[in-house]
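So you can see what is in the structure, the chains are spelled out below.
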Amino acid sequence: MVMMRIPVETTTLPNGLRMILSRDHATPVVAVNLWYHVGSANEREGRTGFAHLFEHMLFQGSAQVAANEHFELVQRAGGTLNGSTWLDRTNYYETLPSHQLELALWLEADRMARLLPAMTQEKLDTQRDVVKNERRWSVDNQPYGTWWERLPALCFPPAHPFHHSLIGSMEHLTAASLDDVAEFFRTYYTPDNAVLTVCGDFDEATARAMVERQFGAIPRGAGRPPLPDMTLPPTFGEWKREVVEDAVVAPRLFLAFRIPPAGDDAWYAASLLGAVLGTGEGSRLSRALVREQQLASEATAFTFDLAKGSDLLVCDVTARPGVAAATLEAAVVAEIDRLLRDGVTAGERARALALYETAWVSGIQSVGSRADKLSQFATYRGDAALVNDEPARHAAVGVDAMVDFARARLQPTNRASLLYVPRAVAGVAA
Amino acid sequence: MSAPARPSPGTARPYEFPAVHRHALANGLRLVVAPMPRLPLVTVLALVDAGAATEATGREGIATLTARTLAEGAGALDGATLTARFESLGTAFDGSADWDSSLARLTVTRSRLEAAFALFAAVLTQPTFPEADVARRRDERLAELAQQLAEPRGLADERFSGFLHARECRYARDLAGTAHSVAGLDAVAVRAFHAAHYGPRTTTVVVVGDITPEAAQRLAEQAFGGWTGGRAPAPMPAPRAAREGRRLVVVEKAEAPQSELRVGHIGVPRAHPDYLPIVVMNGILGGLFSSRINLNLRERHAFTYGASSGYDWRRGAGPFVVSTAVKSEVTDRAVVEILREIDAMRTAAPTASEVSLATEYLAGVFPIRYETTAAVAGALAGATMFGLPAEWFSTYRARIRAVTPDDVLAAARAHLDPARALVLAVGDAAVIEGPLAALGIAPVERHASEDDPAEAP
């Protein structure tokens, strides 16, 4: 097994901000990565898409930074940056030459401490239109583009925080107001709801002093409103189905299973089973559907990595043009049933583990991606250092645990199929 | 709470691109090794002088199909067995073709390198190309093409190339071949292409990561030392535009909520002496988030989620293109703004601040871009492909910082030309055609989404 220890030093500032330092002097660059524990799950009714719209507003300036100046200052310093929003978190990140570390900290601190003085109706209107164009680009004008919102809607009950659209509806985006911006900021963008990771080429004492100087005086928030109970039964209890007619040339099936949240012992079995089913051309789905039966052009499987309540294991298989949706679905289901019947082999487990290990080492090569992992583990699991246990936790999953897990969770009573069919032949597969 | 003032930068720490070691085997194969011992990981890449640009008419896609079929059988091992062996080593063989080279690569953990390297070499030197597997890969390519043309972005990119280049020019057709050309390819053609072009004299093997030059040399001698054959393909004639002057094409995509816009013309070859000023010029125009085009279309007008421009660098002159997707109703206004920004770039020199933003960004991100073994291997492969001098990477940052506003203006005047722009919109013709025609920049040529200009009778 590949053994890699990422150095991790965690400190919590008096205002609740968790600071993680991880040194690596291989290249004179440094990553600053800030996770706010808020995502679309925290949106209130009638305001879907707000967490993501707010992420855009965070690049529109703060007390000492003009609109879009955050981008310009980081790029002028020779750095890269962006942010992203997910169901239960939002992240912001910069990677810069190491001597520019404090610039990134200052920019992040200025907007955490002093965002609202810079907000205007005009900026909100502009970003609302930008986001509407993002929705057109990634969802409405893209074959299969609605799967991002349809699959969670199918798999989580209507009142569940993961049920609704992350990018939001046009109607809700239109309804968002400047008051919503202020309220969201005061509620969630507080030091005690954030994790700040600095990874790369720095001196620890200097970096710690910089973080304290920039973030130390920001007051703690009033506390995050709790999410509703997100516990669900271990399985769907039925086979949920949805057929979507879309402007596509070939059917595509998303077959999802409810699994325990990321971090649970059984989640690691799901992660390896996902690789057995759908990582690489030698995986079961790819070998059977793409190579042998030639019904599909692509077949993969992955977990959503949700850390609250429950997660999803998803098989994503695209048919060859001309192959009927029903044929595709039957062939995928036959592979799942075969796995339930015959179990998995030691060779399949070893293959899955080897692929995981290479991906893991590759995934910590850049300081930016390493910092993001550390923030993720601190936010979701409460301890960034747990990242170093990931390879061992995967390696600890034996064949029996994988088979037991498959038999408990891949049954017909725990399936959700979202099936895209070309508009012209709609109805054939239903 | 007092607000800390904007901090000044500390002292820059020195950066060195990984040291590069070169070696040639007795049979002519070139080996390039860059040790990066920070993590137990190695990327292996083979670059073969067998790119798509020189494919014969009617055979477009043969370089891609050959590369994608390499691992479908080697010596006594069949494709399924090879896949299983690679994956049991935690890696996958990735074969592809670019305009100027065919490429094979894998990334593997150090302890599994020897076994993976031997398999990698076997796949390159003794592929069997079984008929059934070549046929399957061919059909997969046809499926991929159908998916690409069903996507507004894929369709716009494909049609832009098709309308831009003269029909007899290879660049008018997709890198991986068209439905028409790919349908005619088979195992006989693939075997012939491999036999003609793959060999030690046309191949460079790049090894980057946790390995010494001596160890890489030993591996290469063992695995490739006995290889023979291969000749470089004939050079491609210079690319030609389909037509002189400005052109306006609407490709119909009924009820599309957005128009995919492509505006540009034929650019310059990668080896052009103006390469660095062009890169800086493009950064200011549309290459950066804070570029003129993105700030105009996204932040000022909110027409789009994003807009960018770029040169597609090849041995021949590839396209220069501005790409964006805008709400259908503002298609005409977006075209006006794009043409205006291209024109403004040639009218006056950019400010010193604009130039320093681009040069400081490009120089600064250089070490960030090359943190991974795969990225360094890719850069070294590119340097080989384009024949860049050995000191390219060690001098890049100083040379990019030396570019001046006058250099940028000269590059824009020499290499941007809105008068010969092809303006292409994939969108809802019922909404966009009238306003586009009213601009009066060129007559509207309207096409159905199926009309492939490169394949037209």
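Residues numbered from 1 in each chain as written. Chains lettered and ligands numbered in written order. Predicted model: local features only at pLDDT ≥ 70, side-chain atom pairs only at ≥ 80, totals over all residues. Heavy atoms only, no water.

Trainee: Is there a simple way to think about the overall build of chain A in this case?
Mentor: For chain A, the count of helices and strands is 15 helices and 11 strands. Its C-alpha radius of gyration of 23 Å places chain A within 12% of the 22 Å reference for a compact globule of 430 residues. With the C-alpha coordinates aligned to their principal axes, the bounding extent of chain A is approximately 60 × 50 × 40 Å. Counting all 430 residues of chain A, 64% fall into the buried class. In chain A, once contacts between residues fewer than 6 apart in sequence are set aside, the share between residues at least 24 apart is 80%. Per element, the accessible surface of chain A, about 14,600 Å² overall, is 52% carbon and sulfur. (Helix = DSSP H or I, 4+ residues; strand = E, 2+ residues; numbered from the N terminus. Rg over C-alpha atoms; globule rule 2.2 N^0.38 Å. Buried < 20%, exposed > 50% of the residue type's maximum accessible area, 1.4 Å probe, protein only. Contact = heavy atoms within 4.5 Å. Areas by Shrake-Rupley, 256 points an atom, 1.4 Å probe, with all protein chains shown as cover.)

Trainee: Help me out: how do you make sense of the environment of Gln365(A) in this one?
Mentor: Summarising the element assignment, Gln365(A) is placed in the loop between helix H12 (346-363) and helix H13 (367-381). Classification of Gln365(A) by relative accessible area gives buried; the value is 8%. Sequence separation between Gln365(A) and Phe156(A) is 209 residues; the distance between their C-alpha atoms is 35 Å. The contact partners of Gln365(A), leaving out residues within four places of it in the chain, are Arg370(A), Leu39(B), Leu41(B), Glu371(B), Thr372(B) and Thr373(B).

Trainee: Quick question: what am I supposed to make of the nonpolar core here?
Mentor: The tendency in soluble globular proteins is for nonpolar side chains to be buried side by side. Membership of the largest hydrophobic core comes to 74 residues, with the highest contact counts inside it found for Val280(B), Met281(B), Leu380(B), Phe393(B) and Leu416(B). Those residues in contact with Val280(B) that sit more than four places away from it in its chain are Val355(B), Ala358(B), Thr359(B), Leu362(B), Ile400(B), Val403(B) and Val408(B). Within the second largest apolar cluster, 55 residues are counted, among which are Phe54(A), Ala77(A), Trp106(A) and Phe289(B). (Core = buried A, V, L, I, M, F, W, Y, C linked by side-chain atoms within 4.5 Å.)

Trainee: When you look at the interface of chain B and chain A in this model, what are you seeing that I'm missing?
Mentor: Taken together, the contacts link 72 residues of chain B with 77 residues of chain A. For the pair chain B and chain A, the summed buried surface comes to about 6,300 Å²; carbon and sulfur atoms form 58% of the total. Here chain B is connected to chain A by 6 salt bridges. Among the salt bridges present, the one from Arg291(A) reaches Glu72(B), with a minimum N-O distance of 3.0 Å. Remark: the boundary between chain B and chain A carries 30 residue pairs in polar contact (both at pLDDT 80 or more). In the side of chain B that touches chain A, the residues fall into 34 nonpolar, 19 polar and 19 charged. (Buried area = accessible area lost by both parts, 1.4 Å probe. Salt bridge = Lys/Arg side-chain N within 4 Å of Asp/Glu carboxyl O. Polar contact = N/O pair within 3.5 Å; in protein donor to acceptor, adjacent residues only side chain to side chain. Nonpolar A, V, L, I, M, F, W, Y, C, P; charged D, E, K, R; others polar.)

Trainee: Help me out: how do you make sense of the confidence of the model for chain B in this one?
Mentor: Detailed reading of the predicted coordinates is not advisable wherever pLDDT is low. When pLDDT is averaged along chain B, the result is 96, and 100% of the positions lie at 70 or above. Confidence estimates for the predicted assembly give a pTM of 0.96 and an ipTM of 0.95. (pLDDT = per-residue confidence, 0-100.)

Trainee: Help me out: how do you make sense of the sheet that holds strand E5 (residues 89-97) of chain A in this one?
Mentor: Residue and element names in this part refer to chain A. Within the open sheet, the 6 strands sit side by side as E1-E2-E6-E3-E5-E4. Their pairing is mixed. At either margin of the open sheet sits one strand with a lone partner, and together these are strand E1 (9-12) and strand E4 (80-86). Looking at each pair of strands side by side, their axes are set apart by 15° on average, direction ignored. Docked against the sheet, helix H3 (residues 101-114) engages strand E3 (29-36), E5 and strand E6 (194-200), running at close to 150° with respect to E5. (Pairing = 2+ DSSP bridges. Axes fitted to C-alpha atoms, helices over the stretch in contact; angles between N-to-C directions.)

Trainee: For this particular structure, what's the right way to read unusual backbone geometry?
Mentor: In terms of backbone geometry, most residues other than glycine have negative phi values and most peptide bonds are trans. One non-glycine residue, Asn68(A), adopts positive backbone phi at about 65°. Along the polypeptide, Asn68(A) turns up in the loop between helix H1 (50-57) and helix H2 (69-76).

Trainee: Before we go on, may I ask you to explain the environment of Arg136(A) in this structure?
Mentor: Considering the arrangement of structural elements, one finds Arg136(A) in helix H4 (residues 121-140). Classification of Arg136(A) as buried rests on a relative accessible area of 11%. Residues Arg136(A) and Met170(A), spaced 34 residues apart in sequence, show a C-alpha to C-alpha distance of 9.7 Å. Once you skip the residues sitting within four places of it in the chain, Arg136(A) turns out to touch Asn141(A), Met170(A), Pro257(B), Gln258(B) and Lys327(B).

Trainee: So what exactly am I meant to see when it comes to the sheet that holds strand E7 (residues 238-246) of chain A here?
Mentor: Strand-to-strand pairing in sheets goes through backbone hydrogen bonds, with the strands running parallel or antiparallel. All names here are of chain A. A sheet is described by the order of its strands in space; here 5 strands give the open sequence E7-E11-E8-E10-E9, paired in mixed fashion. The sheet is open, and its two borders are formed by E7 and strand E9 (296-303), each paired with just one other strand. The mean inter-strand angle of the sheet, taken between neighbouring strand axes irrespective of direction, is 15°. Relative to strand E11 (residues 414-422), E7 runs parallel, the two sharing 9 bridges. Following the sheet pairing, tryptophan 239 is matched in E11 by arginine 415. Against the sheet, helix H10 (residues 284-292) contacts E9 and strand E10 (311-319), and its axis sits at roughly 165° relative to E9.

Trainee: For this particular structure, what's the right way to read the confidence of the model for chain A?
Mentor: Chain-level pLDDT for chain A is 96 on average; 98% of the residues reach the 70-or-more range. Every residue in residues 425-430 of chain A scores below 50 in pLDDT, and together they form 7 contacts with partners more than four places removed in sequence or on other chains.

Trainee: Is there a simple way to think about helix H11 (residues 325-342) of chain A in this case?
Mentor: Side chains that are three or four residues apart share a direction in an α-helix, a result of its 3.6 residues per turn. All names here are of chain A. In this model H11 runs 26 Å from its N-terminal to its C-terminal C-alpha over 18 residues, within 8% of the 26 Å that 1.5 Å per residue would give. For H11, the complete set of buried residues consists of Ala325, Leu328, Glu329, Ala331, Val332, Val333, Glu335, Ile336, Leu339 and Leu340. Where H11 terminates, the next one or two residues include glycine 343, which has phi positive at roughly 75°. (Expected span 1.5 Å × (residues − 1).)

Trainee: Just to check I follow, could you spell out H1(A) for this structure?
Mentor: Counting buried positions along H1(A) gives 8 out of 8 residues, so the element sits mostly inside the fold. Taken as a whole, H1(A) has its buried residues at Phe50(A), Ala51(A), His52(A), Leu53(A), Phe54(A), Glu55(A), His56(A) and Met57(A).

Trainee: Quick question: what am I supposed to make of the environment of Pro225(A) here?
Mentor: Position of Pro225(A) among the secondary structure elements: in the loop between helix H8 (204-215) and E7. Through-space distance from the C-alpha of Pro225(A) to that of Tyr93(A) is 25 Å; in sequence the pair is 132 residues apart.

Trainee: Got a minute to help me understand the pattern of salt bridges in this structure?
Mentor: Two side chains carrying opposite charge are able to pair once their charged atoms lie near each other. One pass over the full model with this rule turns up 61 salt bridges over all chains. Two residues, Glu433(B) and Arg446(B), come together in a salt bridge whose shortest N-O distance is 3.1 Å. Here Glu433(B) is found in helix H16 (residues 429-438), whereas its partner Arg446(B) is found in strand E14 (residues 444-447), with 13 residues between them in sequence. Each member of the salt-bridge network shares a partner with another, and the members are Glu281(A), Arg291(A), Glu72(B), Asp133(B), Arg136(B), Arg137(B) and Glu140(B).

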